[in-house]
Amino acid sequence: MRGGIKDFITADECKAIFSKIESMVKGGGYTHVSLSVKRSGITRWARSEMYVSANTLAINLYILRNIGGATGDITTNRLDNAGLLEAVRSAESNLKEDRERVETEIKDPFVEEPILKPRLWSDMTYSLTGAARTDMARNMIEPAETRGLFSAGSLEIGAEGRTVMNSNGLFRYYPITDVRCSVTVRNRQGTGSGWAAQHNYDLDRIDTAAIANRALDKCMKSGNPVAVEPGRYTVILEPQAVGDLFTPVLMSAPGQENIDFMRYRAESGKGPFASSRSGYSKINEQILDRRLTLSADPMDPEAGFVPFSSCGEPYKPVKWIDKGVLRELSYARGYALAKLGRATALLNSTSYRIGAETTGKESFVSVEDLIKSTERGLLVTRLSNVQTVNSDSVLCTGYTRDGLWLIEKGKITKPVKNFRFTESPLFALNNIEAIGVSERIFNPPYARVAPAIKIRDFSMTSLADSV
Amino acid sequence: MSRINRRRFIQKGTAALALATVPFESTRSEELLETATRSNAGDTRTLAFAAVEAAKGAGATYADVSFRSTKREIWHWWAGTSYPVPRGVFALSAGVRALHNGCWGFAGIDGIATVDDMVRLGQDAVAQAKNSPVAGKYRSVELAFVPVVSDGTWSTPVTIDPFIVSNDEKIDFICAITDYLGRERVQVDFAGAGLYLIKDEHTFASTEGSYIAQNLYTTSCDLYVTVEKHFLNESRASRKANFITASGAGWEYVLNAPFQDKASQFVEDTARSRYGKPINVGRYDIVFDAYSMASILDATIGPATELDRAFGYKANEEGTSFLSEPLEMLGAYRVGSPLINISANRSMKDGAATVGWDDEGVEPRDTALVTQGILTDFQTTRESASWMAPYYNNSGKTVRSGGCAGREKASIPTSSCAPNLVLSPGKDNATFQDLIAGTKRGYAVIGSQASADTQALNGSGRFGIVYEIRNGKLGDVVQGSTFLFRAPELWRNIVGIGGNNTAESFGLSRGGYWSEMYHTVSAVPAKVTGIAMVDTMRKA
C-alpha cells in the first residue's frame, strides 16, 4: 500500500478521498472531483534489443469548487492529506478571481441517471506480471532478429480506476484495463519499414504473434521502393489509414474535441457541418456515401469506452451519421435546455465506429479481395502527421507511412515511395468503390473501429521519400 | 505591491515599461537558490539515497533517482468573454532508473513518496531490468563519464518570480493586451491571450554520489487575433504572435516583450493575409524570416540530430532520422550550405531548455551540430555519447554527453529531450530587407510554421504571410500558399543568411497541448533557392 492507496484504486478508496475533500472545503457551495489512478507496466525495445522495462503509477486529481456562482479549479497528483488540503485551498483561492459571477445553482439532472456498463476490465490483463510481459516482448522481437532485421516496439499493460464525484451525490466509478501493443520492423539498410499494432482492454484479444508477423511481413515487402508519379489514385486504405484520415473530423488535436462537430457552431455558420441556410446545420443532409455509418456506443463489443464524461454525464449510444446522412452533432447541456427543450447533453466521446451497410449484392470483403478487384491503385498501411489545412472542408495533408504498394491488375507488384497527400475525409468518403471488413484500430486511449475502404481519385500530391 | 495601471501600461514608449517593472520586488536568483536548497535538503536527500542504496543492494551497476515538484499556473482569456480566471496544477513525481547487465529498468510514481516507497522503487527498477535480456543476450551499455556533483544547486536566473506576481497584475496585463488588440484595431473580431507559468523543482541523485537540486522556471505567453472576413473573399484570418513565446525566465520576459513595437504590425499582417493573389506554382528563391527559419530548423535538423533517434531507438514512437548512418556521416556529410552553423545548448540566457544539469546530472555542453554545413555532432545523453566514442576519439574530443537527457515528469522513464538550438548569424551584417533586395524574383515568407515527416526529411510550411518579391522589392500578398521542401536540399540551397542584428529567439514545444517541455530556437533570416511553392488546397 502506498499512502493508503494500492496500485489500483478501488471505488471505496475513491469515496474515502472524496469524503476527505468534503471535510476540508470552506464556504459551502459545490464540489466536483474527478480522479484517475493508473498503474502501467511498459516494455520497450529497439534494434531488436530490450531497451527499458518500467512500472509507473500515474495519478490525476481534478477539483472544482463553486461558491455562489464563482468557480475555481486545480489539478494535482497528490492524494495525501496535506496535498488534498493544498488543492482545495488553491481551488477556493482561484474562485475568488472569478469576478463575473453567475448566480447559478449547479444542477446535475443526470445524478440519478444510470450509466451503461460496458465490460472494460480483464482480470487476465491486470494479473500479467512483468516477467510475462517481457516474455511476450521477446517473442515479438525474435522473428525479426532471426532475419537480420531491426524490431522496435512497445507493450504497455495498464489498470486504471476512474471516477467522477460531486457534492450533489454523483458517484461514477469505472475500472479499466488497457493493452497497447505496437511493433515497427525496419531493414538494416533503412529502405523498408512495416508497422502493426493493436489496442484493447482485454489481453486475450491481442494477438502479439500476429502483430509481430504483420509488421515483419510489411517490412520485408516494402524494401527498396520505387518512385511513381504523384496524382490521383484509387487507394485501398487499410483500417488504420481510414482512422488516421477520419479522426480530424472529431478531434482537432490530441485530447481536444473538434468544436466544428458541435451543433451550435454549425448553426452559427462555421465549420464543415454548417448548412447553406443561415442558422441551420447539415443535420438530415447526405454528407457521406450511403453505405457508411458513424456511431459511438459505450457498449460496442469492439469499440466500448468509459460510459461517462469528465463531468459525470452519461454517454449515450448515438448514430452521428446513418447511411451517409448526418443525424446528430454534439451539444452541451446549456444548448439542449435552450434550443431543444432537453435536460441532457449529447457529448462527443471521440471514440467511434465507422461501420458500413451493404446495399444488397455486395458484402464486406477482405483487403486481399479489395486488391484483387483493383486494376491500378495503391495499398496504404497508415498515414502520419495529418494536419487540417482548411477547417471548413476538413481538407487535410499528411504522409503515407510504413508500407505503400502499387497494385496492378489485381496484384501487388512493387513497393513504392511514400507520398504527401492532400485530401478531405468528407470528400474521400464520398468516392467509395468498396468497403472491407472492420477492425479495431490503434488510437489509444480511444476505442475506434474502421473498415478498409477502397477510394477513387485520392490525391497523392507529391513524393515524400522517407522510410 | 502596487498595481500596474492599465492605462500606463499601454502607453507607448519605454518609460511605461520601466515603470511597470518598478513596483515588483525583484527576487534575486540567490534568494531563489536558498529557497531551493532549503526545500530540497534533508528529507529529499534521505529519500533519494534510500532509493539509490536499495537499487545498489538489488544488484544495479548504476542507478539514479529524480524528484520533481511542479507548479503550473495557466490563464486563458478571450476578449469579450468572462473575466480571466487562473487554473492551477501542482504535482509531485519520483522515479528510479537502474542498469543491470546492460538493460534499463525503471519504476516511477506520482504523488508524495515515503522512504518505504523509494526503497520499493529502487528494488522494482532493478527487478524490471533483470527481466529484460533477449534470449539470454545482454546489451552492452557504457555511460559516458560525468564528474560527480556532490552538492549541486542551480536556479533559472529570474528577475521577477512569476508566482509572486499578484493575480491583479496578471489580469491587468492580459486585459490590457487583449483590449488593445481588440479595440485599437477595428478589423479584429476577437483577441485572446494565454499565460503559462511553470516552476519545476528538480532533485537528482545517483549511485556515483551526485546530488543536485535545481529550480527551473518557464514563462510562456500566447497572443491570438482573429480578423474579420475580408469584404472581397469573405476570408477570415487567425494568427498567433511570435514576438512573445516561451522563455526560461520570469515575469520580466512578459513585461519586456516588444508589444508596443510589434503588436500593430502583427494585426496588420494578419489582416493582410486574408486576401491576396493566388500562388504561381513553381520553384523560387524564398527569403524566410527568422521565425520561419527557427520553425524549419526545429522540424528538420533539430529532431534529425537526436542520436538515439538516428540510431533507431525512437523508430516505433516518434520516427527515425534522415541522418541514418551517424558514424559514417559525422565529419563528412554535407547537411547544408557552408554558410550554415547550427549548435545545441542548454546554457543560453533565457533559454527555455536551459538548466544547470540535465536529468542525468550532466552539466550540458554547447554542441556544434553542423559546422560550415558539415555534420559534426549529435545531441547525446550519457549512453548515446558512448556510441560516438570512435568519432570523438579520432577527433581528439572527450567522450562526453551533451546533456540532452530530460522528460516531463520524474515518474516516466528518462529519455532525450530537445535542447535549445541556434542557427548562427552570418559574418555579413545582412538584414531581412537586404536579402529581399538581392532577390530578383521570388517570395518572402514571414511567420510560417514548418512541419516534417517521421524522418524529418520531407516537410512543408504554411500559415504566416507571403509576399511576392519582384526586383528586390516586396509586392503583392499571396494567399493560400505552402512551401514544400526536402531538408538536405533546403539547407544546402541557402545562399544568404542574416547577420548578428537579425537573430531572434523563440520558445517552441514539440509536445502536445499544454506540454511542459519547451526549448528555445534562435535563428536568423535566410534566402533559399529552388523551393517549391504550391497552393495549400490544391490536390493532384
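Everything quoted here is computed from the prediction, not taken from an experiment.

Asks: Just to check I follow, could you spell out the overall build of chain A for this structure?
Replies: The number of helices and strands found in chain A is 10 helices and 19 strands. Taking 467 residues into account, the globule formula puts the C-alpha radius of gyration at 23 Å, and chain A, at 24 Å, falls close to it. Once the C-alpha set of chain A is aligned to its principal axes, its extents read approximately 75 × 60 × 40 Å. For chain A, with 467 residues in total, the buried portion stands at 61%. Pairs at least 24 residues apart make up 70% of the contacts formed inside chain A by residues separated by at least 6 positions. Per element, the accessible surface of chain A, about 18,100 Å² overall, is 48% carbon and sulfur. For chain A, the distance from the average site of its 60 positive side-chain charges to the average site of its 55 negative ones is 2 Å.

Asks: Help me understand helix α6 (residues 239-246) of chain A, please; the structure alone is not making it clear to me.
Replies: In an α-helix there are 3.6 residues to a turn, and that puts residues three or four apart on one side. With 8 of 8 residues buried, α6(A) is to be regarded as a mostly interior element. Every buried residue belonging to α6(A) is among Pro239(A), Gln240(A), Ala241(A), Val242(A), Gly243(A), Asp244(A), Leu245(A) and Phe246(A), and all of these are buried.

Asks: Honestly, the packing of aromatic side chains in this entry has me stumped. Any pointers?
Replies: Aromatic rings in a pair are described by how distant their centres are and how their planes are angled relative to each other. Taken as a whole, this structure holds 22 aromatic pairs over all chains when the rule is applied. Clustering of aromatic rings is evident, with ring pairs tying together Tyr51(A), Phe311(B), Tyr313(B) and Trp387(B).

Asks: Sorry if this is basic, but what is going on with the interface of chain B and chain A here?
Replies: How big an interface is tends to be stated in terms of accessible area lost as the parts join. Contacts between the two partners involve 67 residues from chain B and, on the opposite side, 78 residues from chain A. A buried area of about 6,100 Å², summed over both sides, lies between chain B and chain A, and 48% of it is on carbon and sulfur atoms. The largest per-residue losses of area from chain B upon contact with chain A belong to Phe90(B), Asn316(B) and Lys539(B), which jointly make up 13% of the total buried on that side. For the interface between chain B and chain A, the tally reads 3 salt bridges. With a shortest N-O distance of 3.8 Å, Glu317(B) and Arg44(A) are connected by a salt bridge. Looking at the side of chain B that touches chain A, the elements that each hand over two or more residues are β2 (86-100), β3 (103-110), α5 (115-130), α6 (167-184), β18 (449-452), β19 (458-462) and β22 (481-486) of chain B.

Asks: Before we go on, may I ask you to explain the environment of Ser309(A) in this structure?
Replies: Residue and element names in this part refer to chain A. Counting through the fold element by element, Ser309 comes out in the loop between β10 (292-296) and β11 (318-322). Separated by 146 residues in sequence, Ser309 and Thr163 place their C-alpha atoms 10.0 Å apart. In this structure, Ser309 is in contact with Val164, Tyr315 and Leu347, ignoring residues within four places of it in sequence.

Asks: What is the right way to look at the side chain of Arg346(B) in this model?
Replies: Residues and elements named next belong to chain B. Along the chain, Arg346 turns up in the loop between β11 (342-345) and β12 (367-371). No salt bridge is formed by the buried Arg346; the nearest opposite charge belongs to Asp358, separated by 4.9 Å. There is a polar contact of 2.9 Å between the side chain of Arg346 and the backbone oxygen of Ala353. Here Ala405 takes part through its backbone oxygen, which lies 3.1 Å from a polar atom of the side chain of Arg346. In contact with Arg346, not counting residues within four places along its chain, are Ala353, Thr354, Val355, Asp358, Pro364, Gly403, Cys404, Ala405, Cys417, Pro419 and Asn420.

Asks: Explain the side chain of Arg440(A) here, please?
Replies: Residues and elements named next belong to chain A. As for its position among the elements, Arg440 is in strand β18 (residues 432-440). Here Arg440 occupies a buried position and makes no salt bridge, while the nearest side chain of opposite charge, Asp178, is found at 5.9 Å. A polar contact of 3.1 Å, which involves the side chain of Arg440, links it to the side chain of His199. In this structure the side chain of Arg440 is engaged in a polar contact, spanning 2.8 Å, whose partner is the backbone oxygen of Glu302. Among all residues touching Arg440, those that are not within four sequence positions of it are His199, Asn200, Glu302, Ala303, Tyr446, Ala447, Arg448 and Val449.

Asks: Is there a simple way to explain the environment of Ser351(A) in this structure?
Replies: Residues and elements named next belong to chain A. Along the chain, Ser351 falls in the loop between α8 (333-340) and β13 (352-356). By relative accessible area, Ser351 is classed as buried at 4%. Separated by 77 residues in sequence, Ser351 and Ala428 place their C-alpha atoms 21 Å apart. Apart from residues no more than four positions distant in its own chain, Ser351 is found in contact with Ser295, Ala296, Phe305, Tyr446, Ala447 and Arg448. A polar atom in the side chain of Ser351 sits 3.2 Å from the backbone nitrogen of Ala447.

Asks: When you look at the pairing of β19(B) in this model, what are you seeing that I'm missing?
Replies: The side chains of a regular strand alternate between both faces of the sheet. All names here are of chain B. In terms of burial, β19 is a largely internal element, 5 of the 5 residues being buried. Residues Asn458, Ser460 and Arg462 line one face of β19 and the alternating positions Gly459 and Gly461 line the opposite face, and both faces are buried. Summarising the sheet, β18 and β19 pair through 4 bridges and their orientation is antiparallel. Looking at the pairing, Ala452 lines up with Gly459 of β19. Turn length for the β18-β19 hairpin, with the two strands adjacent in sequence and antiparallel, is 5 residues, and the turn residue Ala456 shows positive phi of about 55°. As defined by bridge partners, β19 adjoins β22 across 4 bridges and the pair is classed as antiparallel. Bridge assignment links Gly461 to a residue of β22, and that residue is Phe483.

Asks: In this structure, what is going on with the pattern of salt bridges? I would like to understand it.
Replies: Two side chains with opposite charge may pair up if their charged atoms get near one another. This structure, assessed with the given rule, holds 52 salt bridges over all chains. One salt bridge in this structure joins Asp202(A) and Arg205(A), with 3.9 Å as the shortest N-O distance. For Asp202(A), a relative accessible area of 13% puts it in the buried group. Overall, the relative accessible area of 40% leaves Arg205(A) in the partly exposed class. Glu208(B) serves as the salt-bridge partner of Arg382(B), at 3.0 Å between the closest nitrogen and oxygen. On the criterion of sequence distance, the pair formed by Arg382(B) in helix α13 (residues 382-387) and Glu208(B) in the loop between β5 (188-206) and β6 (211-227) is long-range, its members being 174 residues apart. With a relative accessible area of 33%, Glu208(B) lands in the partly exposed category. Salt bridges sharing partners connect three or more residues here, namely Asp298(B), Glu306(B), Arg309(B), Lys314(B), Glu318(B) and Arg510(B).

Asks: Sorry if this is basic, but what is going on with the confidence of the model for chain B here?
Replies: Do not read the predicted coordinates in detail wherever pLDDT is low. Residue and element names in this part refer to chain B. Taken as a whole, chain B shows an average pLDDT of 87; of its residues, 89% reach a score of 70 or greater. For residues 1-42, every residue scores under 50 in pLDDT, and the model assigns this stretch 72 contacts once sequence neighbours within four places are set aside. As a predicted assembly, this complex carries a pTM of 0.93 together with an ipTM value of 0.93.

Asks: I tried to follow the packing of helix α4 (residues 43-57) of chain B against α5(B) on my own but got confused; where do I start?
Replies: Residues and elements named next belong to chain B. Where α4 contacts α5, the axes come no closer than 7 Å and their chain directions differ by 30°. Relative to α5, the crossing made by α4 is right-handed. Contact residues: α4 offers Thr46, Leu47, Ala50, Ala51, Ala54 and Ala55, while α5 offers Val115, Met118, Val119, Gly122, Gln123 and Val126. Residues belonging to the contact of α4 with α5 are distributed by class as follows: 9 nonpolar, 3 polar and no charged.

Asks: Help me understand empty space enclosed by the protein in this model?
Replies: To find leftover empty space, one rolls a probe the size of a water molecule over the atoms. Considering all chains together, one arrives at 13 cavities of 30 Å³ or more under this definition. Within this model, the largest cavity holds a volume of roughly 280 Å³. At the level of elements, β5 and β6 of chain B are the ones that each hand at least two residues to the lining of the largest cavity. Its residues assigned to classes, the lining of the largest cavity comprises 11 nonpolar, 6 polar and 8 charged. Considering only enclosed or pocket space, the second largest cavity measures out at about 110 Å³ in volume. Ser222(A), Pro225(A), Val416(A), Asn418(A) and Val467(A) are, among the 14 residues lining the second largest cavity, the residues nearest its centre. Broken down by element, the lining of the second largest cavity gets its largest block of residues, 3 residues, from strand β15 (residues 395-408) of chain A. Classifying every residue of the lining of the second largest cavity gives 4 nonpolar, 7 polar and 3 charged.

Thresholds, definitions, all that
- Counting starts from 1 at the beginning of each chain's written sequence and moves along it residue by residue.
- Working convention: letters from A go to chains and numbers from 1 go to ligands, in the order in which they are written.
- Local features are withheld for residues below a pLDDT of 70 in this predicted model, meaning they are given only at 70 or higher, and side-chain atom pairs are given and counted only at 80 or more; totals for whole chains, interfaces and linings count all residues.
- The basis for the side-chain values is all heavy atoms of the structure; hydrogens and waters are excluded.
- The way it works is that DSSP assigns letters per residue, a run of H or I at least four long becomes a helix, a run of E at least two long becomes a strand, and they are numbered from the N terminus.
- Only the C-alpha atoms count toward the radius of gyration. The rule for a globule is 2.2 Å times the residue count to the power 0.38.
- Relative accessibility decides the category of a residue: with a 1.4 Å probe and only protein chains considered, values under 20% of the type maximum give buried, values over 50% give exposed, and everything between is partly exposed.
- We call two residues in contact whenever any of their non-hydrogen atoms come within 4.5 Å of each other.
- Areas reported here follow the Shrake-Rupley algorithm with a probe of radius 1.4 Å; residue values treat only the protein chains shown as occluding.
- Positive residues here are Lys and Arg, negative ones are Asp and Glu, while His and the chain termini are left out of the count.
- Here the site of a charge means NZ on Lys, CZ on Arg, CG on Asp, or CD on Glu.
- Pairing of aromatic side chains here covers Phe, Tyr and the six-membered ring of Trp, requires ring centres within 6.5 Å, and sorts the geometry by plane angle: under 30 degrees stacked, over 60 edge-to-face, intermediate tilted.
- Two parts placed together each lose some accessible area under a 1.4 Å probe, and adding up what both lose gives the buried area.
- By salt bridge we mean one thing: a side-chain nitrogen of Lys or Arg within 4 Å of a carboxyl oxygen of Asp or Glu.
- By the criterion applied in these results, polar contacts are pairs of N or O atoms within 3.5 Å in which, for protein atoms, one can donate a hydrogen and the other can accept it, and in which residues neighboring in sequence qualify only through two side-chain atoms.
- In this scheme, strands are said to pair when DSSP sees at least two bridges between them.
- Each residue carries a pLDDT score, the predictor's confidence in it, ranging from 0 to 100.
- Interaxial angles span 0 to 180 degrees and are taken between N-to-C directions of axes, which are lines fitted to C-alpha atoms, for helices over the stretch in contact.
- Each crossing is labelled by how the near helix is turned from the far one, with a counterclockwise turn of less than a right angle marking it left-handed and a clockwise turn marking it right-handed.
- Basically, the charged four are Asp, Glu, Lys and Arg, the nonpolar ten are Ala, Val, Leu, Ile, Met, Phe, Trp, Tyr, Cys and Pro, and anything else, Gly included, counts as polar.
- Grid spacing is 1 Å over the protein atoms alone, the probe is 1.4 Å, and a cavity is where that probe fits but cannot get out, while a pocket is an open set with protein on both sides within 12 Å along at least five of seven lines and lining residues have an atom within 4 Å of a point.
- Grid points are joined across faces, edges and corners, and a volume is the space filled by probe spheres set on the points.

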